[in-house]
Amino acid sequence: MDRDSGRSPEQRRPRISGSRAEAARKGGWTLNSERRIEARLAARKPHFDGHRPPPARIATTMILACSAWFWFAVAAFAHASLVETSPVDNAVLTEAPATFSMTFSEPVSPLALRLVKPDGSSTSLERFVLRDRRLDVGSPHDLAQGTHVLSWRVISEDGHPIGGSVVFSIGMPSATSPEAAGQIDWPVRTAVWLAKIALYLGLVLGIGGAFAVTWLGRSERSGSLASLVLLGIGLVGAALSVGFQGLDALGVPFERISDAATWQAAMNTSFGRTAVFALLASVIAILALVANGRRGRLLSLAALTGTGLALALSGHASVAEPLWLTRTAVFLHGVTVAFWAGALVPLGLALARRTPSSTGMLRRFSGTIPPLLGCLIVTGLLLGVVQVQEPLALFTTAYGEVFLVKLALLVLVFVLAALNRWRWTEPAEHRDPSAMRRLALSVAAETAIVILIFGVVAVWRFTPPPRALALAAAQPTVVHIHTDKAMANVQLSPRGAGQVEASIDLSTGDFEALNAKEVTLVLAHPSAGVEAIRRSARRTAAGENWRIDQILIPLSGTWHVRIDILISDFEIVKLVGEAEIRP
């Protein structure tokens, strides 16, 4: 039976209000018209039916997917620092050394090795051997009397080059010492800094903007053009960063930017992998903006993953121990920064234009930010503690000073974010024109501060973290003595004056096993009135390694080191060198 039977025609008429009631009074309204309009309105309303997850699930999906991809990252080591050289700096030798030796806090790869002679001429040193943290360099055979400068430049596995010089004299110092190029090339350094900022603009604002447009904006496309421009800046920055990295790594001027060796040197570092991932992620983000629907969302998610990978593949923060923790923290930190900061430009443009979909985008953005903000703060604090280690380092190191500036800017961002959320977001969601305008201005201010933070963070490229400085200071004092008959590596640990343990590794001058009967370590500091301190070493299970469990070095300074090696009852070899003992 018809449920409307028995009802008057007036009772059967659908209830209509507002503009639709006005249309009904004009005679143009029907029940079918009502149903068609209701269907259109329902189609426009945000709904989550399994094809479009709610905002709270976006963060979960992103983090899980990105974490699965993260484990493709390769191994890396900590920022290297020079620990010991042989000969020591400012040493005066009786004869030319057979080899030069440099020991670093972590493994390195040599980029440029050059010896400046007393007459000012220089020669490249091509013969070298890497032994874990030690670099042994073959010495030319025609070294004259006078002062020489050993100029070196190496790169650590985190992609940061370091260099320096060791001055030593044979016989007696020259009247005029030669000089090695050691000044900072400010044009190259400035170019590295600017390219780094451009890279961050593309990775964070460009890729993050593409993600915001496809996931949060949906039908709102206000930020598409701006994201494409930022992605273009990032592509240029990533490409140029490789060349500038090569110039800085080799310590050569801008004129060498076209040399293949410059680009090859950069690609051989960990930063080369960062540049490759940044380029790929940027291209994928561009494709995401061009595509529509689900395909665009999947592509933007892959691009956002690439942002985390690119940032985790090089740099100070991603190579501290324990690697599994710090790499994961860098990855998640980069992804959450890109999600949050990348949404600012599209959201601000949509609010400024007061587009119909702007309030929906604002609502979805507000719903996803709390969990991501928590992840951002936790990972940031974790990396800060690992890198700085001691609060005093914030005020006594260049890295700490940069950290404080970044922290101050972050406080401003958080204040603006809190003001946006608790004062202007709700009225803006109800399309209050004044609130939407103020919120758009506040978002623009947030974006400007984020760009300033990029500039500050890019300075870290030139400042080793306190963690690396502490690691270098904790390394043992190393003395390398090399002659035609024998070679010894002496380690005094801990570094500095006081009770130390001595470890002596022996080999022949040709790096073959040396079977000694007895080994004695002799230390003296004649200029301080300390005569020879003799200690017999005991052989360890390794055979070629000898140890002294306790020996007192009473004061700091340059100590004479002698190793007496009894090879047989009729042959003894004496190796003489110097060790710089710190306080």
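Residues numbered from 1 in each chain as written. Predicted model: local features only at pLDDT ≥ 70, side-chain atom pairs only at ≥ 80, totals over all residues. Heavy atoms only, no water.

Turning our attention to the overall build of the protein chain. When you go through the protein chain residue by residue, the secondary structure sums to 15 helices and 18 strands. Taking contacts inside the protein chain between residues at least 6 apart in sequence as the whole, the part at least 24 apart equals 69%. Surface exposure of the protein chain reaches about 28,000 Å², of which carbon and sulfur atoms provide 59%. (Helix = DSSP H or I, 4+ residues; strand = E, 2+ residues; numbered from the N terminus. Contact = heavy atoms within 4.5 Å. Areas by Shrake-Rupley, 256 points an atom, 1.4 Å probe, with all protein chains shown as cover.)

Before going further, it helps to examine the nonpolar core. In terms of nonpolar packing, the biggest core is built from 77 residues, with L205, I207 and F454 touching the most fellow members. If near-sequence neighbours (up to four positions away) are discounted, L205 is found in contact with Y200, L230, A341, G342, T447, V450, I451 and F454. (Core = buried A, V, L, I, M, F, W, Y, C linked by side-chain atoms within 4.5 Å. Buried < 20%, exposed > 50% of the residue type's maximum accessible area, 1.4 Å probe, protein only.)

Now for a negative patch on the surface. The grouping of E95, D484, D510 and E512 at the surface amounts to a negative patch. Take D484: it is sitting in the loop between β10 (477–482) and β11 (486–493). In this structure D484 comes out as exposed when scored by relative accessible area, which is 73%. (Patch = residues over 30% accessible without salt bridge, like charges linked within 9 Å, V, L, I, M, F, W, Y side chains within 5 Å. Salt bridge = Lys/Arg side-chain N within 4 Å of Asp/Glu carboxyl O. Lys, Arg positive; Asp, Glu negative; His and termini not counted. Charge placed at Lys NZ, Arg CZ, Asp CG, Glu CD.)

A few words now on the packing of helix α10 (residues 323–353) against helix α14 (residues 433–459). Angle between the axes and distance between the axes: these two values describe a pair of packed helices. Running from N to C, α10 and α14 cross one another at 150°; their axes reach a closest spacing of 9 Å. The pairing of α10 with α14 is recorded here as roughly antiparallel in orientation. The handedness of the crossing between α10 and α14 is left-handed. On the side of α10, the interface is formed by W340, A341, L344, V345, G348, L351 and A352, while α14 contributes M436, L439, A440, V443, E446, T447 and V450. Of the residues in the contact of α10 with α14, the class split is 11 nonpolar, 2 polar and 1 charged. (Axes fitted to C-alpha atoms, helices over the stretch in contact; angles between N-to-C directions. Parallel < 35°, antiparallel > 145°, perpendicular 65-115°, else oblique. Left-handed = near helix turned anticlockwise from the far one by under 90°. Nonpolar A, V, L, I, M, F, W, Y, C, P; charged D, E, K, R; others polar.)

Here the focus is the environment of S536. Within the fold, S536 resides in strand β14 (residues 530–536). For the pair S536 and E518, spaced 18 residues apart in the sequence, the C-alpha separation amounts to 7.8 Å. Ignoring sequence-local partners within four residues, the contact set of S536 consists of V519, T520 and I548.

Under the criterion given, the structure shown has 9 aromatic pairs. Ring centres of F104 and W152 lie 5.5 Å apart, and the angle between their planes is 75°; this geometry places the pair in the edge-to-face category. On the criterion of sequence distance, the pair formed by F104 in strand β3 (residues 99–104) and W152 in strand β8 (residues 146–156) is long-range, its members being 48 residues apart. Both residues of the pair, F104 and W152, count as buried. Between Y200 and F454, the aromatic rings sit 5.9 Å apart at their centres with planes inclined by 50°, giving tilted as the arrangement. Taken as a pair, Y200 in helix α5 (residues 186–217) and F454 in helix α14 lie far apart in primary sequence, 254 residues in all. A residue is classified by how much of its surface remains accessible, and F454, at 6% relative accessible area, is buried. (Phe/Tyr/Trp six-rings, centres within 6.5 Å; stacked < 30°, edge-to-face > 60°.)

Moving on: the sheet that holds strand β7 (residues 134–138). The strand order β1-β3-β7-β6 describes an open sheet built from 4 strands, whose pairing is antiparallel. Two strands in the sheet have a free side with no partner beyond their single neighbour: β1 (82–86) and β6 (128–131). Averaged over all pairs of adjacent strands, the angle between their axes in this sheet comes to 15°, without regard to strand direction. Two elements, β3 and β7, share 5 bridges in a ladder whose sense is antiparallel. Bridge pairing in β7 places F100 opposite V137. (Pairing = 2+ DSSP bridges.)

Looking at chain direction, strand β13 (residues 518–525) and strand β17 (residues 557–568) are connected through 7 bridges and run antiparallel. The partner of V519 across the bridge, within β17, is I565. Sheet analysis places β17 next to strand β18 (residues 571–581), joined by 11 bridges and oriented antiparallel. Residue pairing across strands places T558 opposite E580, the latter belonging to β18. Connecting the antiparallel pair β17 and β18 is a turn made up of 2 residues.

The subject of this paragraph is α14. Taking 1.5 Å per residue, 27 residues should reach 39 Å; α14 reaches 40 Å between its end C-alpha atoms and fits that length. The backbone nitrogen of S434 lies 2.9 Å from a side-chain oxygen of the residue at the head of α14, namely D432. (Expected span 1.5 Å × (residues − 1). Polar contact = N/O pair within 3.5 Å; in protein donor to acceptor, adjacent residues only side chain to side chain.)

Moving on: the confidence of the model for the protein chain. Caution applies to low-pLDDT regions: their predicted coordinates should not be interpreted in detail. Overall, the predicted model of the protein chain reaches an average pLDDT of 83, with 84% of residues at or above 70. Between residues 8–35, whose pLDDT stays under 50, and residues either more than four places distant or in other chains, the model counts 19 contacts. Note on residues 58–78: pLDDT under 50 across the span, and 52 contacts to partners over four residues away in sequence or across chains. (pLDDT = per-residue confidence, 0-100.)

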